[in-house]
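Overview (structure and organization)
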Amino acid sequence: MKKKVEIDWKNLGFDYMKTDQRYLSYWKDGNWDEGVLTEDNVLHLGEASPCLHYGQQCFEGLKAYRTKNGDIQLFRVDQNAKRLQDSCRRLLMPEIPDETFIKACLDVVKANEAYLPPYGSGGSLYIRPMVIGVGNSIAVKPASEFLFTVFCMPVGAYFKGGLTPVNFMVSAYDRAACYGTGQQKVGGNYAASLIAHEIAVEKGFADCIYLDPTTHTKIEEVGAANFFGITKNNCFVTPKSLSILPSITKYSLLYLAENVLGLKTSEKDVYIDELDEFSEAGACGTAAVITPIGGIEYKNKLHVFFSETEVGPITTKLYDTLTAIQLGDIEGPEGWITKL
Ligand SMILES: Cc1ncc(COP(=O)(O)O)c(C=O)c1O
């Protein structure tokens, strides 16, 4: 009989929950081992593991969805495999081959199927792969051993309210340096961002906006999501920069905006004092999905885009199209969906 778990699916937030099984693989002497699924959610690490001292670690985030007919599917898992490989290369860690990454994600979802929120609940199963440098070594150099693990948990909306506009404030802090690790999904970027996030939340904002680290004039990221704006003449615009995480959701939206909605698209500099060109704006990411931006506070003034309470028509269409593909209601472009 299939396992059942008692979860209030409609009221899930974005919190850790221990599920039944996680994947664990060990790298030593030049090779990844076979990998296992384990019930143990505690890692046993050497106290001088480089991931703990020097931040030699990277991670990913993707989701599995339950479709209307009960199937389970992953969204663009191959792209997460590629981005993790890029992060590994940047931090001198051994890469995880595509097949290993995809199989580990599928195996973990399958083993925790009971935790997959039902279709229509608004929830999904968030998958968190990571690679960490382990083995005791106190010198600042790459680790001699590595762990690759994948765990998962059911989640709901990242920003409370789902498709409801929220406000953001511009932060004085940078999350990443120009030629640093902003393009990679590495823990250090997030450690550097915690204080900016906390200040924004204390001031009543959902999160903060980071400007470019060199000139502080251009929008980079919206918390842990990418920015997009819709210009008054219907162009989907998103920032281009060396210190932005290449969001898989953002590239999916660029494609859908052009090929499904028939919009013009552009990746270019987005100046914080030229927000008037946009009639709508949003934050996009696996966790944020599309979160409409009501307004952005900069130099004590709140710039409101479409509305602080209503969602603009193009943002709504993009959201509907993206989520319909993720949930299997409509077919996505070739290769976007991997069925369990
Ligand atoms: C800093 C940052 N930017 C953007 C994103 C969105 O990326 P994706 O759409 O691949 O989830 C994330 C989340 O993964 C993030 O942490």
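Note that this is a predicted model, so its numbers are computed, not measured.

To continue, consider the UniProt feature "modified residue: N6-(pyridoxal phosphate)lysine" (unreviewed entry) in the protein. The UniProt record marks Lys185 with the feature "modified residue: N6-(pyridoxal phosphate)lysine" (unreviewed entry), using the residue numbering of this structure. Take Lys185: it is sitting in the loop between β9 (166-170) and α4 (187-202). Classification of Lys185 as buried rests on a count of 24 C-beta atoms within 10 Å. Apart from residues no more than four positions distant in its own chain, Lys185 is found in contact with Cys58, Phe59, Glu60, Arg83, Ser87 and Leu245.

Moving on, we come to the site of the ligand. In the neighbourhood of the ligand, the contacting residues comprise Gly61, Glu221, Ala224, Ala225, Asn226, Leu245, Ser247, Ile248, Thr249, Lys250, Gly285 and Thr286. Those elements giving two or more residues to the shell around the ligand turn out to be β12 (225-231) and α5 (248-259). It is α5 that provides the largest number of residues to the shell around the ligand, a total of three residues.

With 16 residues, α4 extends 23 Å between its outermost C-alpha atoms, agreeing within 8% with the 22 Å of an ideal straight helix rising 1.5 Å per residue. Those residues of α4 not exposed but buried are Asn189, Ser193, Ala196 and Ala200. Packed against the buried residues of α4 are β9 and β10 (207-211). With its phi angle positive at about 95°, Gly204 sits one or two positions after the end of α4.

To continue, consider the packing of helix α2 (residues 77-90) against helix α3 (residues 98-111). At a closest axis distance of 9 Å, the pairing of α2 and α3 adopts a crossing angle of 125°. With respect to α3, the axis of α2 lies oblique. Here α2 runs over α3; the crossing is right-handed. Each of Val77, Asp78, Ala81 and Leu84 in α2 lies in contact with α3, whose residues at this interface are Asp98, Phe101, Ile102 and Cys105. Per-class residue counts for the contact of α2 with α3 are six nonpolar, no polar and two charged.

Moving on, we come to the environment of Glu334. Tracing the sequence through the fold places Glu334 in the loop between α6 (313-326) and β18 (337-339). Separated by 323 residues in the primary sequence, Glu334 and Asn11 place their C-alpha atoms 33 Å from one another.

As assigned here, the protein comprises domain 1 (9-155) and domain 2 (166-326). Inter-centroid distance (C-alpha atoms) of domain 1 to domain 2 is 26 Å. When contributions to the side of domain 1 that touches domain 2 are tallied by element, the ones reaching two or more residues are β4 (57-59), β5 (62-66) and α2. If one sorts the elements of the side of domain 1 that touches domain 2 by residue count, α2 sits on top with six residues. Its residues assigned to classes, the side of domain 1 that touches domain 2 shows seven nonpolar, six polar and six charged.

A word on the environment of Leu116. Inspection of the secondary structure puts Leu116 in the loop between α3 and β7 (124-134). Judged by the 24 C-beta atoms lying within 10 Å of it, Leu116 falls in the buried class. Distance from Leu116 to Ile290, taken between C-alpha atoms, is 21 Å for residues 174 residues apart in sequence. Setting aside anything within four residues of it in sequence, one finds Leu116 in contact with Ala64, Arg66, Ile72, Leu125 and Pro154.

The sheet contact formed by β10 and strand β11 (residues 219-222) spans three bridges and is antiparallel. Bridge pairing in β11 places Tyr210 opposite Glu221. The pairing of β11 with β12 spans two bridges and is antiparallel. What sits directly across from Glu221, in β12, is Asn226.

Rules used in this analysis
Residues numbered from 1 in each chain as written. Predicted model: local features only at pLDDT ≥ 70, side-chain atom pairs only at ≥ 80, totals over all residues. UniProt positions renumbered as here; feature names shortened; annotations may be inferred. Helix = DSSP H or I, 4+ residues; strand = E, 2+ residues; numbered from the N terminus. Buried ≥ 20, exposed ≤ 12 C-beta atoms within 10 Å, placed from the backbone. Contact = placed C-beta atoms within 7 Å. Near = placed C-beta within 6 Å. Expected span 1.5 Å × (residues − 1). Axes fitted to C-alpha atoms, helices over the stretch in contact; angles between N-to-C directions. Parallel < 35°, antiparallel > 145°, perpendicular 65-115°, else oblique. Left-handed = near helix turned anticlockwise from the far one by under 90°. Nonpolar A, V, L, I, M, F, W, Y, C, P; charged D, E, K, R; others polar. Domains from an automatic or database assignment. Pairing = 2+ DSSP bridges.

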